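Descriptive structure summary
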4 protein chains.
Amino acid sequence: MIAVLKQNVTERQIEQLTQWIKNQNVDVHLSKGKDYTILGLIGDTGRIDRELLESLEIVESVKLVSEPFKQVNRKLHPEDTIITVGSAKIGGGHFALIAGPCSVETEEQIIEVARQVKASGADILRGGAFKPRTSPYAFQGLKGEGIRLLLEAKKVTGLPIVTEIMNIRSLDLFEDVDIIQVGARNMQNFDLLQELGKTKKPILLKRGLANTLQELLMSAEYIMSEGNENVILCERGIRTFETMSRNTLDLTAVPILHELSHLPVVVDPSHATGRVGLVPPMAQAAAAAGADGIMVEVHNNPACALCDGAQSLTPAQFDEVARKVRRVREAIL
Amino acid sequence: MIAVLKQNVTERQIEQLTQWIKNQNVDVHLSKGKDYTILGLIGDTGRIDRELLESLEIVESVKLVSEPFKQVNRKLHPEDTIITVGSAKIGGGHFALIAGPCSVETEEQIIEVARQVKASGADILRGGAFKPRTSPYAFQGLKGEGIRLLLEAKKVTGLPIVTEIMNIRSLDLFEDVDIIQVGARNMQNFDLLQELGKTKKPILLKRGLANTLQELLMSAEYIMSEGNENVILCERGIRTFETMSRNTLDLTAVPILHELSHLPVVVDPSHATGRVGLVPPMAQAAAAAGADGIMVEVHNNPACALCDGAQSLTPAQFDEVARKVRRVREAIL
Amino acid sequence: MIAVLKQNVTERQIEQLTQWIKNQNVDVHLSKGKDYTILGLIGDTGRIDRELLESLEIVESVKLVSEPFKQVNRKLHPEDTIITVGSAKIGGGHFALIAGPCSVETEEQIIEVARQVKASGADILRGGAFKPRTSPYAFQGLKGEGIRLLLEAKKVTGLPIVTEIMNIRSLDLFEDVDIIQVGARNMQNFDLLQELGKTKKPILLKRGLANTLQELLMSAEYIMSEGNENVILCERGIRTFETMSRNTLDLTAVPILHELSHLPVVVDPSHATGRVGLVPPMAQAAAAAGADGIMVEVHNNPACALCDGAQSLTPAQFDEVARKVRRVREAIL
Amino acid sequence: MIAVLKQNVTERQIEQLTQWIKNQNVDVHLSKGKDYTILGLIGDTGRIDRELLESLEIVESVKLVSEPFKQVNRKLHPEDTIITVGSAKIGGGHFALIAGPCSVETEEQIIEVARQVKASGADILRGGAFKPRTSPYAFQGLKGEGIRLLLEAKKVTGLPIVTEIMNIRSLDLFEDVDIIQVGARNMQNFDLLQELGKTKKPILLKRGLANTLQELLMSAEYIMSEGNENVILCERGIRTFETMSRNTLDLTAVPILHELSHLPVVVDPSHATGRVGLVPPMAQAAAAAGADGIMVEVHNNPACALCDGAQSLTPAQFDEVARKVRRVREAIL
């Protein structure tokens, strides 16, 4: 950690600050130029409260030299982490197609969608049982029953399943779930992350709508610091001023996360864009950016002519997306 | 709810959509112009999945005519809600000064700060016991012991206390806490909100870093829909591209929230700006914008000359802020 | 245009508003439901000041039914526009690789880079002569001399050239330039756009850092409304809270712009990301999203070992990018 | 300027970089800790291309020690700048009320509004003659005729006038205008800024919708570096994700700009909020935050009952705002 001090700082102030830092068992290396004074902090700087240091009147700015994340850091773990669930692998050159309906509705629905996406090459089945909703009056999902139906679909098709948890008190229900998803709104629900860190389940951690990539990595660190090494990062769009897509898909996150961390990175173009016509090009683009997987919504409702235009792809559209994505994967090898 | 359809929509598609809506016990009123087709939805439109409707290919856009929030809505509850804790009142013309240290550290510290802020006119004591931190390796607060110390300070000074909850499992510890704070990162932790809605405790609900005012009101609705009418809204800055302040304090939120809702609105300039020099002008500005209270950090550490520049005001600085804020309050009557 | 009125609006207010609209030769179609009142505006609604209408107290919101852009609109011009410069074509299935140095520095430099990027398959040479800089004290480019050197490089290699204009008063210098670039900061310099609309030169119009896609299209409309149909849209990243890349490349802009407009869309991953390691994956992703071209920075400075890490690719790196991008293009056919 | 190098940098790379910097006549001071290597750049670092330096592979980050702005910098000019136009003064304890219609429409209108705002205590008359509009088909203002009418109103009332310039070619028309406004969209139209820097006219420089405060100061530096010291900074809202106000008024900008610069700072709550009900509280808040002036829209159209709800205040509403703002000013002394 480096603290750049303000130009008008006095000797006495430097001394006081240096002493305060040393009292926390961190050594200080002073460097003075004509226009600047820098304190280099040496040792276990994790003890130093960076925000406090930054807010001191004599401190111009504080710069971390080493990243604040450890176990997720590629520097300390150069080889890619590969997550294995059933016959599917994610990361380290393995690409996973994750597909399924937004919400689990009926046994018939989830089994039919599972069969169809499997036929098109999907590796993992997704489906919402617990649904975080902005409004308390909106449908909140089938909850435990939804998980039971997903497990039925798994039994029939052999596809591993991923579904979202909203509260640690429902963890028991997730015993046979292959991958537990933490949604964007819970990315900094630190208590939930710590509890999930005590399991060995693969966790799919979605980036919050207004969270930086460093914060995403720190949330992954919360899980890993409790002993669970099976974390999958997921880019799903951030909140910006643009209104023509639901959120702004930040695909540059893929190479950045790969550079900083060994964890696999998947992309969810369905929630990011919110419109079915945008899902295929952005799924292709995610693959071209080097993602380790994509997660898309697929519905199956032949009776409902209306639904063809919704955020979810039809099975036929998904089949085409899967084909193109595989071709793009080959093109960038 | 109004659905504006795309220009090239066919009669058959309109019929299908109308039928689908009517199947959900909502009536439809069709209005066609030369350039547009509009469906007016009449009845309990809460049943309609707005996102699904919006994502249909034939739908240009969906417009809510009435706000999605009910119990927080000023239209249904015109008079201001007034929250009473001890001798303090917030809302409906009552202004509350909330002050105290960022974190509770020692009994001596919290009692001394409580005494000093009370002497300057503070109505409520704040102090962090459970601290949400981006890093799992950072100090997470004194937790239960911190609450115990706050209660000591309350006993000595008579000031009611407000402190943050992070997990519903620690609710028992908050039995004697006067106001339970929900932090920005938990604003959409819907399970936590619902559980707090089952208590009768006043809840201070902070706006999330990237949450709209409508989302803030919907989160308040989560609490109220469970029966707890004691909600205080808190603006504490949003995330933007500007880096010279920690966040961007959105003071326009104050008159907007007052227009839409009967709930009191307080402003936290300390966390929003992150720099002590910015706290006094923004505290004054919050009062001038019509806030029902301000919440500021005050520390008391005479031995630590360094801390004078931090995010927290000294007691002397707080005294001056309190005086100015009272004068601004009078000026806008 | 549709105006949704507030619930408590009176008959008299509706009448006044209707009259005001009709006075502007626009007809009004009233539609009343239980919970809403809607005015449908029929005719040349371009005369109506939307912002004024929106800000009226009795108006809840205003909704455009038809897009405000005309000549750029795909509905009025379904087939793709193809821009031809020399032997290069952009749009309608034609993909253009645009490459060259950030700034033109010397004749030797620009000719050498031009030769190398041509050998790797570049279709168009880019290079900055007029450089918009945040600081008045920074290097502002070789200006007219820079354009002369670009024309030398064009003579030697046959590559058409694109370079940025900052002020209409320097237009004469651009007589032999093939494509005139309007930079992000000038995207809403409407006087400049109108003057460029009076030429027949292809204009490469970059999206502003905080401009919506609709605003980008309206700025293209400024050029087209003066008679110049040769506009190329360019996505180059928007400003968000994320700091790990210089800007956030919004690749979803590509399919959205293609849906709304017939104009070609190119992507600039160099300026968007600001880091050389991020350029290849984002160039690939841009191609996979369906872009009609990419524009990347390539430098040639064998003596400067340092520069290999800068925002600009080396010629060898560009060769690899060009090869991958061609493969991705084939993969998505 | 300080460059923090990456941890794995070699001695040879440090040497190369040091040599490259020294070749630009800037001295280098090397500082090595266990975990970091820092180069302190000493001398005229304005010659160093910061973006290039930042993008080098071996450079972790670059930190400016001294601000990049000079003439606007309070450090080099501690006393407040006071701008005098006619009998009005802005800055250094002088507060200016700037009021008038959005657009100049007729002689009768502008004179009537001028009279009324003067009666309520306005110091300066505002009114748009050249109107930047997103759409080429929207009303673009009365242009030269609008300025003529403003000058008539000035003759009648004695109020100095401020109006916006969009193109340097119309500068002659502004000869008798007291303050020339540069709009948000032209904040980084550097050629325009430089030309205005060659005049001695006071310039009211509005912050761009997505521009940082540092960029605003750098644009002011463009004007001052050409010799014009009469610059007024104007906060008018930034673009964020929130949609309930037109933009997000960033009032924290006021104390930040005052800390960094000696230039006066005014606030425009009308354009920032876009709704008349939000203007009074935000005008009060701007005054409480320490602004040197506020600029609000006032219309005068007794025949048009509709307009009462628009972004513009009525003269009676302005009278009330003016009264409250004066009281707030006194409260914070």
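What you see is a predicted model, and the numbers here were worked out from it, not measured in a lab.

1. Re the nonpolar core
Burial of nonpolar side chains together is a common tendency in soluble globular proteins. Within the largest apolar cluster, 313 residues are counted, with the highest numbers of intra-cluster contacts made by Phe 318 of chain A, Leu 205, Leu 233 and Phe 318 of chain B, Phe 318 of chain C together with Phe 318 of chain D. For Phe 318 of chain A, the residues in contact, after removing those within four places along its chain, are Leu 97, Ala 99, Val 117, Ser 120, Ala 122, Val 296, Val 298 and Leu 313 of chain A.

2. Topic: the interface of chain C and chain D
Contact residues are listed per partner, giving 50 residues for chain C and 51 residues for chain D. Of the roughly 4300 Å² buried at the junction of chain C and chain D (both faces included), carbon and sulfur atoms supply 55%. If you look at where chain C meets chain D, you find 4 salt bridges. Arg 239 of chain D serves as the salt-bridge partner of Glu 215 of chain C, at 2.6 Å between the closest nitrogen and oxygen. Broken down by secondary-structure element, the contributors of at least two residues to the side of chain C that touches chain D are helix H1 (11–22), helix H2 (50–55), helix H5 (190–197) and helix H6 (213–224) of chain C. A class-by-class count of the residues in the side of chain C that touches chain D yields 20 nonpolar, 17 polar and 13 charged.

3. Regarding the sheet that holds strand S1 (residues 2–5) of chain D
All names here are of chain D. With respect to topology, 4 strands assemble into an open sheet ordered S2-S3-S1-S4, the strand pairing being antiparallel. Sheet topology places strand S2 (27–32) and strand S4 (59–63) at the edges, where each strand pairs with a single neighbour. For this sheet the average axis-to-axis angle between neighbouring strands, irrespective of direction, equals 20 degrees. Bridge count for S1 against S4 is 4 bridges, and the pairing is antiparallel. Counterpart to Val 4 in the pairing with S4 is Ser 61.

4. Quick look at the interface of chain B and chain C
Tallying the contact residues gives 21 residues for chain B and 21 residues for chain C. Roughly 2000 Å² is buried in total at the junction of chain B and chain C, and carbon and sulfur atoms are behind 63% of that figure. On inspection of chain B and its partner chain C, the count reaches 0 salt bridges. Where chain B meets chain C, there are 0 residue pairs in polar contact (both at pLDDT 80 or more). At the level of secondary structure, the elements contributing two or more residues to the side of chain B that touches chain C comprise strand S1 (2–5), strand S2 (27–32), strand S3 (37–42) and strand S4 (59–63) of chain B. Partitioned by chemical class, the residues of the side of chain B that touches chain C number 7 nonpolar, 7 polar and 7 charged.

5. Considerations on the pattern of salt bridges
Under the defined criterion, the tally for this structure stands at 60 salt bridges over all chains. Across the salt bridge formed by Lys 155 of chain C and Glu 152 of chain C, the nearest N and O atoms sit 3.5 Å from each other. Taken together, the positions of Lys 155 of chain C and Glu 152 of chain C, both in helix H4 (residues 144–157) and 3 residues apart, correspond to about one turn of that helix. Among the charged side chains, a salt-bridge network with shared partners connects Arg 207, Glu 235 and Asp 250 of chain A together with Glu 242 of chain C.

Criteria and cut-off values
Residues numbered from 1 in each chain as written. Chains lettered and ligands numbered in written order. Predicted model: local features only at pLDDT ≥ 70, side-chain atom pairs only at ≥ 80, totals over all residues. Heavy atoms only, no water. Core = buried A, V, L, I, M, F, W, Y, C linked by side-chain atoms within 4.5 Å. Buried < 20%, exposed > 50% of the residue type's maximum accessible area, 1.4 Å probe, protein only. Contact = heavy atoms within 4.5 Å. Buried area = accessible area lost by both parts, 1.4 Å probe. Salt bridge = Lys/Arg side-chain N within 4 Å of Asp/Glu carboxyl O. Helix = DSSP H or I, 4+ residues; strand = E, 2+ residues; numbered from the N terminus. Nonpolar A, V, L, I, M, F, W, Y, C, P; charged D, E, K, R; others polar. Pairing = 2+ DSSP bridges. Axes fitted to C-alpha atoms, helices over the stretch in contact; angles between N-to-C directions. Polar contact = N/O pair within 3.5 Å; in protein donor to acceptor, adjacent residues only side chain to side chain.

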